[in-house]
Amino acid sequence: MVTGSFYLFLFTFAGVYLLAAMGFNVLAGYMGIISLAHGAVVAIGAFTTAILTVTYGWSFWPAAVMSTLVGGAVSGLVALPALRLSSWYFVLITIAFTTAVTAVITDMKWLTGGFTGILGVPPPSIAGHKFSGREMFWLVMVINIAVWWVISNIVHSRIGWSLLAIRDSSISALSNGVSVSHTRLFAFVFAGATAGLAGALFAVLKIVVTPEDFPFHFSIFFLFVVVLGGPAYLWGPLLGVFAFYVLPEMLGSLREYRMLIYGVGLLAFSIVLPEGIAGGLVALRRRYGASSAKKQSAQRTVSQITHAIRPIEGVALKVEDVSKTFGGVNALSNVTISVPAGHIHAVVGPNGSGKTTLLNIISGLYEPSGGDVRLGDKRITGLRPHMIARAGVGRTFQTPKIIGHLSVLENIRFGAYHREKSSGLSIALSLPSARREAEELTREATELLALVGLSDRAYDRADELPHGQLRLLEIGRALVGRPRVLLLDEPAAGLSLHELERLEELMIEIRRLGVTLIMVEHHVELVMGVAQSATVLDGGKVLAAGTPEQVFADKAVVSAYTGAPQ
Amino acid sequence: MSGEDFFALLVSGLTTGAIYAMVGVSLNIAYKPTNVFNMAQGGLIMLGMMFTWVLLSVLGLPWILGVPLAMAIVAAVGLVEERIAVAPLHNVAGHSHAWVITTLAFSIILVNAADQIWGADPRYVAPMPGTSLTHHRFGIVGFNTAQIAIIVIAFASIWLVEYFYHHTRLGRAVLAVSEDSDGARLCGINPLRLTMGSFAAGGAFAALTGAIASPILFASTEFGLDLLIKGFIALAIGGLGSNWGALAGAILIACIETLSSVYLSPGMRQIALLAVFLAVLLMRPNGMFGRPGGREV
């Protein structure tokens, strides 16, 4: 156990760094935003507590709360440019911010004491009893365990999944109903709050707080710890802090070369082991350890499963006179399509005829240059993509956009993002109501997993699936959101013969559930087999519309595909 | 502020602006064919300063020999960086911005290795031959010839870089790759070679920047980060990829910086600069002269 005051002190400090690093993992690891302002926020938290306790005589507890709030608020402010700009711009902005914070702290002598800083930060006390070094250690540990628990609740919920979804592809996050800007803001505020709280503890431990305690490489330290420990792994920051703070601190002679070690480590890990120590350990366990996956052996037929799923009330979709120009190019001109509720409608056409553009307009990723899209009676033109998803439009992509880091089941479960009503707070605190709702949705996701035929891979990492199964996974993810209209972008592309049969069966069952289906597809037999109606696009214009039999017999269509004279 | 003070600050602002502009251009050179913003560019400039000091002040080489030698050494370092920190990423799956961390890591290595060797003390480097720090006056305008030399070299070198891009086959090949890498490959251009060449050229230009800045800034291992940020801000304001835009952005921020030094403390000056910068970015995310493109901004 902890013996000797040096080790006690060392581990207490390591705990403070772990606290800030765990928060940083949410921002940089899970959401993939590289910030070099985290150390500066810790500094602001430390000075907040130092000023409030020493200058204004507050006790530690309210001062620590204030540090947490200030840290969250400052981090939220720093986030504002990040909501609009590309991520590497943001790295440089945070560097500028960090150097500015240090300079300002040194400048404002009247508040921060300038170079000499603030002396004599008092320890926390309860009922007149002042905390000893050992009690400080336990205080830090208790806070760490609590924060660990909260982060664990968050990252195993729709909030954590949405962070990863934004990191991997913000488009898939949007089409699952995630508001990217709100989620980003949350991650910044959360990371900032942990940094602020860590700063408060830092001030108490150091007793004297000066600007020199927070050099620029303090911010790099957090990046280093998260990248090396394992970004987006709960254990990552712990491994990172232990390996690269505690160990070199014990080997005192290495201290001089610490920054060089940071640099070499960052470079080596980003290239050789991008998932860090934690990711490496998990990969080892996957390769050599006993497969712990709980296999579901009971194979049921597709229709047996659909009977267990509540019907969905599909809705009609109308595309009215929609046009889209990119620069001077007309990708779509005056396209009108009307799909009755519960029908399967196919959109076919040669490459570059505007099929995917049409899907992107329906799901709100593009704004049309003219025309309207109606969902039932409701006009959805111009709504933000996540609002359209919430209105009941689900979709899949030509290149499946999944969260490789998560299991197959979690990926499907993520599709229920906008159905989950529990507040962020009740998820973070794992309240019974939130747990019940999560269990119910997971049960539904398991049913849909069976429906798309991936039950035996439920606990495998999604990036281990072959291409064809990723397509089925995406369909399952869209279905758990209970879409009233489902858009499938070339669902048959790259499927094996067996998977193709499954897909055909699946589409018929999805229709039986009541969902309106619109698919972009080249596969003529599939279209003939399942679709009630079809539209042929060519050069952005409607070439033919009607039943599949009608359109494929159309002379203009044959000519567009084969080049045969009409 | 008297007129004399104002003009003294203006000349000093223009000089600093010329240096920032060169930093921005060196970033552009590496960015053009790769879309990689080299976080270690500040470290390369710092190396240029230190090698200039070693070659000129310690070994006593003449300027005309020492500076090209420093440029060659730093070009080699740039090439090494491309090989170990950028090229391997083509094979690593994951985030498309992994180069942010690897080039930052390379920068940390450069700065700290230099610090282990030379320490952080500022070192004096004599102005280039034919110029001096002696003060001259014309009416109320005061300056020294070292300042004039920096401004002239900055303009001339930026003009040369622009000439290279628009009037040579190789330069146009770089522009073609930055426009559409796959398309350029189909035309028989080898993007890999250009990437390596651009990092080397970016290194050489960084060394030149360090060499001409060191007489007025002094050579120090602590310079890299600050120059990187100033060069980036100049670029972001002027428009990423645009060299004349970098010059305009650089002169703007350098003048804000020097003129505000009269009224604001160093910390507040940085906050003011950051505020101006963010305001410009929020209104024009692609900078004043940048083209809105397929970039994710």
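Please refer to the structure higher up on the page.
The shown structure was predicted, so the numbers you read here are calculated from the model rather than taken from an experiment.

Caption draft 1: How the structure looks around the overall build of chain B. Within chain B one finds 11 helices and 2 strands. Starting at the N terminus and walking to the C terminus, you meet the elements of chain B as α-α-α-α-β-β-α-α-α-α-α-α-α. Dimensions of chain B, computed from C-alpha atoms along their principal axes, come out at roughly 60 × 50 × 35 Å. Sorting the 297 residues of chain B into buried and exposed places 55% on the buried side. Within chain B, residue pairs in contact and separated by at least 24 positions form 73% of the contacts whose partners lie at least 6 positions apart. By element, 67% of the accessible surface of chain B is carried by carbon and sulfur atoms, the whole surface being about 12500 Å².

Caption draft 2: Fine view of the overall build of chain A. Helices and strands together make up the secondary structure of chain A, namely 24 helices and 12 strands. Principal axes of the C-alpha set define a box for chain A whose edges measure 90 × 55 × 45 Å. In chain A, once contacts between residues fewer than 6 apart in sequence are set aside, the share between residues at least 24 apart is 76%. Accessible surface, chain A as shown: approximately 22700 Å² in total, 60% of it carbon and sulfur.

Caption draft 3: Layout of helix α8 (residues 191-217) of chain B. All names here are of chain B. Relative to the 39 Å expected for 27 residues at 1.5 Å per residue, α8 spans 36 Å between its end C-alpha atoms, a close match to the ideal helical length. Of the residues flanking the start of α8, the one acting as N-cap is Asn190, its side-chain oxygen 3.0 Å from the backbone nitrogen of Leu192. At the exit of α8 stands Phe218, carrying a positive phi of roughly 70 degrees.

Caption draft 4: Examining the interface of chain A and chain B more closely. Residue-level contacts link 38 residues of chain A with 41 residues of chain B. Carbon and sulfur atoms make up 80% of the surface buried where chain A meets chain B, a total of about 3600 Å² over both sides. At the surface where chain A touches chain B, the tally comes to 0 salt bridges. Our count for the contact surface shared by chain A and chain B stands at 5 residue pairs in polar contact (both at pLDDT 80 or more). Across the side of chain A that touches chain B, the residue classes break down as 28 nonpolar, 5 polar and 5 charged.

The rules we used
Residue positions are given per chain, counting from 1 as you read along its sequence in written order. Each chain takes a letter, starting from A, and each ligand takes a number, starting from 1, following the order in which they are written. pLDDT decides what is reported in this predicted model: residues at 70 or higher carry local features, side-chain atom pairs at 80 or more are listed and counted, and totals for whole chains, interfaces and linings draw on all residues regardless. Note that the side-chain values use all heavy atoms of the structure and ignore hydrogens as well as water. Under the DSSP-based scheme used, a helix requires at least four consecutive residues in state H or I and a strand at least two consecutive residues in state E, with every element numbered from the N terminus. In this scheme, a residue with accessible area under 20% of its type's maximum is buried, one over 50% is exposed, and one in between is partly exposed, where area comes from a 1.4 Å probe on protein chains only. Here, two residues are considered to be in contact whenever any of their heavy atoms come within 4.5 Å of each other. Each accessible area is a Shrake-Rupley result for a 1.4 Å probe, and residues are judged covered by the shown protein chains and nothing else. The span one expects for a helix is its residue count, reduced by one, times 1.5 Å. Contacts described as polar in this section are N or O atom pairs within 3.5 Å, which, within protein, must combine one atom able to donate a hydrogen with one able to accept it, while residues neighboring in sequence count only if both atoms come from side chains. Buried area is understood as the total, over both parts, of accessible area removed when two parts are fitted together, assessed with a 1.4 Å probe. Definition used for salt bridges: Asp or Glu carboxyl oxygen within 4 Å of a side-chain nitrogen of Lys or Arg. Gly is placed with the polar residues, together with every amino acid not listed as nonpolar (Ala, Val, Leu, Ile, Met, Phe, Trp, Tyr, Cys and Pro) or charged (Asp, Glu, Lys and Arg).

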